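Examining the three-dimensional arrangement
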Amino acid sequence: MEKTAEPLIRYEAVQCPSGDRLLPLVTIVVASSSDATGIRLPGQYRYASEPSSAFGCRGDDSPHRGAAALMPDRPFPTPARMADRLRASRTHRFVGRAAHLNEFRSALAGEPGAYAVCFVSGPGGIGKSSLLRRLKDIAEDDHRTVIEIDGRAVETSLAEFFMAAETAQTDDRTVVLVDTFERCQGVEEWLRDRFLPRVLTGVVVVVAGRRPPSTSWTSDEAWTDLLRVVQLDGLTPAESAALLEGRGVAPELRETVVAFAGGNPLALSLAADTAVRVGASWEDWKPTQDVIAPLVSQMVGDVPSEAHRSALTVLAQARVTTEPLLQQVLSQPIASRMFDWLMHQPYVEVGERGVYPHDVVRDVLEAHLRWRNQQRYADVYNEIWPHLLQVSRAAGESDVLPAIRDLTYLLFRDVEDRYFYKTRFEGYVHEAPMGPADRAEVLAFAAEVKGPLPADVLDFWLRRQPGCVRLYRSSKSNDLVACMVWVRLGPDDREAIERDPAAAAAWAHATGHSALQDHEHIGIGRYLVHPAAYHVVSAPIHLIQLRTVAEWVRAEGMAASYFALSNPDYWRELLEHLLHRPIPQDPETGSLDVALFGRNWEHFPLEFWFENRHSMSPTAPPVDGMHKLSRADFDAAVRHALGSWRNAGELGANPLARTRLVRHAPGAPPSEEDVAEALRGLLDEAVGALRDDPRAIKFYRAVTVTYRDGAPTQQVAARRLGLPFTTYRRHLTRGVDRMCELLWQRNLAR
């Protein structure tokens, strides 16, 4: 019976005598040289007694002449190497960069207009190394000699660089790929002026690093036709989703991961591995430190000092970082050096108003720095928000919205994705106040839109407060696309309350517990409409939001603010974040066709908002027991407090202690135990203002000797000052009046 068995096979390599190639030799070892062994060879092989001739070598020259050999019927398959599998995986997983790959193929083909040298720059993790690996595969497919140079190995040695790339001077089919060029940036001048001019025509050089080439390249006209400078951007959302699909990320998670990564391939890859491993749902997926830490290392690199770390903390929190902003955290000389350092980082963009990081770098920095030292992160925040608030209040009209945008960015990050910063609409529309010639257009616009403000009420407001209207026009066509009506109501606006039901409801709510003072008013967002995107954030709505915050920040004496909305459900989450609560309808004011949301600024001042943004122990706002004093009562309370300067108990019971002057002073709201000291500090500041005014120095002396130094009687105080009593009394009265005015104005600013 014929036996069938697998022969024992030995693989060997035979050097063809011509010397041009190594040939595979497959020999079969059998029990006997005779076919009588009964072993039948598999059908896809043939037995060859002269294996060398089968490979095109002369049989008489073969070192294995006469050996029993097993030859394949078809060309022998070279065993796959690990490198082949890695390359196949790279090719399969590589997404995007089609334009860059096509340009490289054109360069290899020597097509007209193709580059000879390409300089690719971009931040860490953006995909420079992956692109170079793909270019290497393409070059090898074109049978090019590929020379790879790693800047980390070369450092700044010209000799090492020349040795690594010398082939480019002898072989015109060489491709030189230089990665991590920022680590050997010192050879840039030599590379441009000495090395590249020597390479042969046909050689293609691609250099990749975090920093773009120096301006010496682009200013030299000789390089115009030969050099291509590429700033490598992130992947598109579609390309990012394709990358995640290739990594096995569930469809419902992809949008969340794409939003986090911002097109950064490294961030996408690390987040994909975590998402697949953890299997989190889209609602609760967040990048963990095993994603964040390597991203910080790759994107940012080493942080040289604590001053650099502080600068990065400001960069992560502020929408735009300026040198004056850094000076709130660092001393002036250090802040100047840190600003220069930030300007030259590859992950930082330089804009008209300052510097800012790439989006994914900001997110990664914020997560890492907050995790590393939450208290320090909060401290930096508390050092920069007062500066941004001051800038917003002092800005001229043309600079208001940019300043407010910086302020709101710091404050509203928790809800930015949905309501604020998903809208990348810079320049699509512009804001303008309403002029006399615009009135008819606004009325026609409102009639067509049929928004939440009746035409007759709108007409009333246009006549009553023409400055309350803001128009939003298309930058392309100048057409009116949106409109905002922000009205102010004070104690003298009885007619407005009678004409506008929503204004009446807001006024009733604001004055339900206490009357407004003569200097106070309430603000109402009465008409905030963009018809083309009525229920979503749009370019005009985003500008309307900024203008609204500007009203809150810059208006003096605003006691409360309200919104009258016909689509409240969409905006409810944002309004709650803004501490605007739903206002129940009052039957006495009639039913409304809008929902009203309001906020009492006495109870929830701006400072409370900012102070609790990153607080480790948030404080509750002083809702109840807040006193609002008339000017006469306020002045009387100041005089009483001066007389109680040394008596903490009486200071704590002073009516001023329950006003926003004390309760909303900068810093954490004082506890009941500290309120007397807080009031004494305010008095001390007012006295200091007298001292700093050369015209009021004699008033300062009278107040100081009488109250702070505690003269037993006014007669004694006059003698200590060496003044006639009537002169002393005049100086004291003028000094106290000045202090009352200073503190009153500060109270209004709260």
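Everything below is about the structure printed above this text.
Report follows, based on the coordinates. (Residues numbered from 1 in each chain as written. Predicted model: local features only at pLDDT ≥ 70, side-chain atom pairs only at ≥ 80, totals over all residues. Heavy atoms only, no water.)

Scanning the chain from N- to C-terminus turns up 33 helices and 20 strands. Residues counted as buried form 48% of the 750 residues belonging to the chain. Within the chain, residue pairs in contact and separated by at least 24 positions form 70% of the contacts whose partners lie at least 6 positions apart. (Helix = DSSP H or I, 4+ residues; strand = E, 2+ residues; numbered from the N terminus. Buried < 20%, exposed > 50% of the residue type's maximum accessible area, 1.4 Å probe, protein only. Contact = heavy atoms within 4.5 Å.)

Turning next to the packing of helix α13 (residues 306–317) against helix α16 (residues 359–372). Axes are the key here: two packed helices are described by the angle between their axes and the distance separating the axes. Their axes nearest at 9 Å, the elements α13 and α16 cross at an angle of 125°. In terms of axis orientation, α13 runs oblique to α16. Considering only the axes of α13 and α16, their crossing is left-handed. When α13 is examined against α16, the residues R309, L312, T313, L315, A316 and Q317 are found in contact with a partner set consisting of R362, L365, E366, L369 and R372. Among the residues forming the contact of α13 with α16, the class breakdown is five nonpolar, two polar and four charged. (Axes fitted to C-alpha atoms, helices over the stretch in contact; angles between N-to-C directions. Parallel < 35°, antiparallel > 145°, perpendicular 65-115°, else oblique. Left-handed = near helix turned anticlockwise from the far one by under 90°. Nonpolar A, V, L, I, M, F, W, Y, C, P; charged D, E, K, R; others polar.)

Moving on, we come to the sheet that holds strand β19 (residues 581–582). The strand order across the open sheet built from seven strands is β14-β15-β16-β17-β18-β20-β19, with neighbouring strands paired in mixed fashion. Because the sheet does not close on itself, it has two edges, and the strands there are β14 (429–433) and β19. Bridge count for strand β16 (residues 480–489) against strand β17 (residues 521–529) is seven bridges, and the pairing is antiparallel. The partner of V485 across the bridge, within β17, is Y527. Sheet strands touched by helix α23 (residues 501–510): β16, β17, β18 (558–565) and β20 (595–600). Its angle to β17, the strand with the most contacts, is close to 145°. (Pairing = 2+ DSSP bridges.)

Structurally, P531 can be placed in the loop between β17 and α24 (539–554). For P531, a relative accessible area of 37% gives the class partly exposed. Between the C-alpha atom of P531 and that of V449, which follows or precedes it by 82 residues, the distance is 6.5 Å. When sequence neighbours within four positions are dropped, the list of residues in contact with P531 reads F445, V449 and V481.

Let's shift gears to the sheet that holds strand β11 (residues 227–231). Spatially, β8-β9-β10-β7-β11 is the arrangement adopted by the five strands of the open sheet, whose pairing is parallel. Two strands lie at the open edges of the sheet, namely β8 (145–150) and β11, each paired on one side alone. The average angle at which neighbouring strand axes cross in this sheet is 15°, direction not considered. For strand β7 (residues 117–121) and strand β10 (residues 204–209), the ladder comprises five bridges, and the chain directions are parallel. Counted as the bridge partner of V117 is V205 from β10. Here helix α3 (residues 98–109) sits on the sheet in contact with β9 (174–179), β10 and β11, set at roughly 150° to β10.

On to helix α20 (residues 439–449). Taken as a whole, α20 has its buried residues at V442, F445 and A446. Across the axial projection of α20, the buried residues extend over an arc of 95°, all falling on one side. Along α20, exposed side chains directed more than 90 degrees from the buried face belong to A440 and E448. Those residues of α20 that are buried are in contact with α21 (455–464), β15 (469–474), β16 and β17. (Arc of directions from axis to C-beta.)

On to the side chain of D438. One can find D438 in the loop between β14 and α20. The residues touching D438, leaving out its near neighbours within four places in the chain, are P433, L471 and R473.

The buried count for β9 comes to six of six residues, which makes it a mostly enclosed element. Relative to β9, β8 runs parallel, the two being bridged by six bridges. The residue of β9 that forms the bridge with I149 is V178. For β9 and β10, the ladder comprises four bridges, and the chain directions are parallel. Residue pairing across strands places L177 opposite V206, the latter belonging to β10.

Considering the arrangement of structural elements, one finds A318 in the loop between α13 and α14 (323–326). Among the residues examined, A318 registers a relative accessible area of 2% and is labelled buried. Taking the C-alpha atoms as reference, A318 lies 9.9 Å from L411; in sequence the two are 93 residues apart. In this structure, A318 is in contact with L325, R362 and Y409, ignoring residues within four places of it in sequence.

Before going further, it helps to examine the pattern of salt bridges. The final tally for this structure, using the stated rule, is 30 salt bridges. Ionic pairing is found between R173 and D142, a salt bridge with its closest N-O pair at 3.8 Å. Here R173 is found in the loop between α6 (158–165) and β9, whereas its partner D142 is found in the loop between α4 (128–141) and β8, with 31 residues between them in sequence. Under the relative-accessibility criterion, R173 is labelled partly exposed at 35%. Its salt-bridge partner being R547, residue E431 comes within 2.7 Å of it at the nearest N-O pair. Placement of the pair is E431 in strand β14 and R547 in helix α24, with a sequence separation of 116 residues. We note that E431, like R547, is buried. The network of salt bridges with shared partners includes E397, E431, R470 and R547. (Salt bridge = Lys/Arg side-chain N within 4 Å of Asp/Glu carboxyl O.)

Counted under the stated rule, the structure contains 10 aromatic pairs. Centre to centre, the rings of F119 and W217 are 5.8 Å apart; their planes meet at 75°, and the pair counts as edge-to-face. Here F119, found in strand β7, pairs with W217, found in helix α8 (residues 215–219); they are 98 residues apart in sequence, far enough to count as distant. Comparing F119 with W217, the two get one shared label, buried. Relative to W744, the ring of F634 lies with its centre 5.1 Å away and its plane at 70°, an arrangement referred to as edge-to-face. You can see F634 sitting in helix α27 (residues 631–643) and its partner W744 sitting in helix α33 (residues 725–749), a full 110 residues away along the chain. Here F634 matches W744 in class, with each residue buried. Pairwise contacts between aromatic rings join F119, F181, W217 and W223 into one cluster. Just above the ring of W217 sits the side chain of R192; from NZ or CZ to the centre is 5.7 Å. (Phe/Tyr/Trp six-rings, centres within 6.5 Å; stacked < 30°, edge-to-face > 60°. Lys NZ or Arg CZ within 6 Å of the ring centre and 35° of its normal.)

With that settled, the discussion passes to the nonpolar core. Across soluble globular proteins, you tend to see nonpolar side chains buried next to one another. Counting 93 residues, the largest nonpolar core has F260, L312, W552 and W609 as the members making the most contacts within it. Here the element with the most residues in this core is α24; it accounts for nine residues. One finds F460, W461, L471 and Y527 within the second-largest nonpolar core, a separate group that totals 39 residues. (Core = buried A, V, L, I, M, F, W, Y, C linked by side-chain atoms within 4.5 Å.)

Quick look at the packing of helix α17 (residues 374–394) against helix α18 (residues 400–411) now. Look at α17 against α18: their axes get within 9 Å of each other, and the N-to-C directions meet at 150°. As summarised for this structure, α17 and α18 are arranged roughly antiparallel, according to the angle between their axes. Viewed along their axes, α17 and α18 form a crossing whose handedness is left-handed. On the side of α17, the interface is formed by Y381, I384, W385, L388, L389, V391 and S392, while α18 contributes A403, I404, D406, L407, L410 and L411. Each residue belonging to the contact of α17 with α18 can be placed in one class, and the counts come to 11 nonpolar, one polar and one charged.

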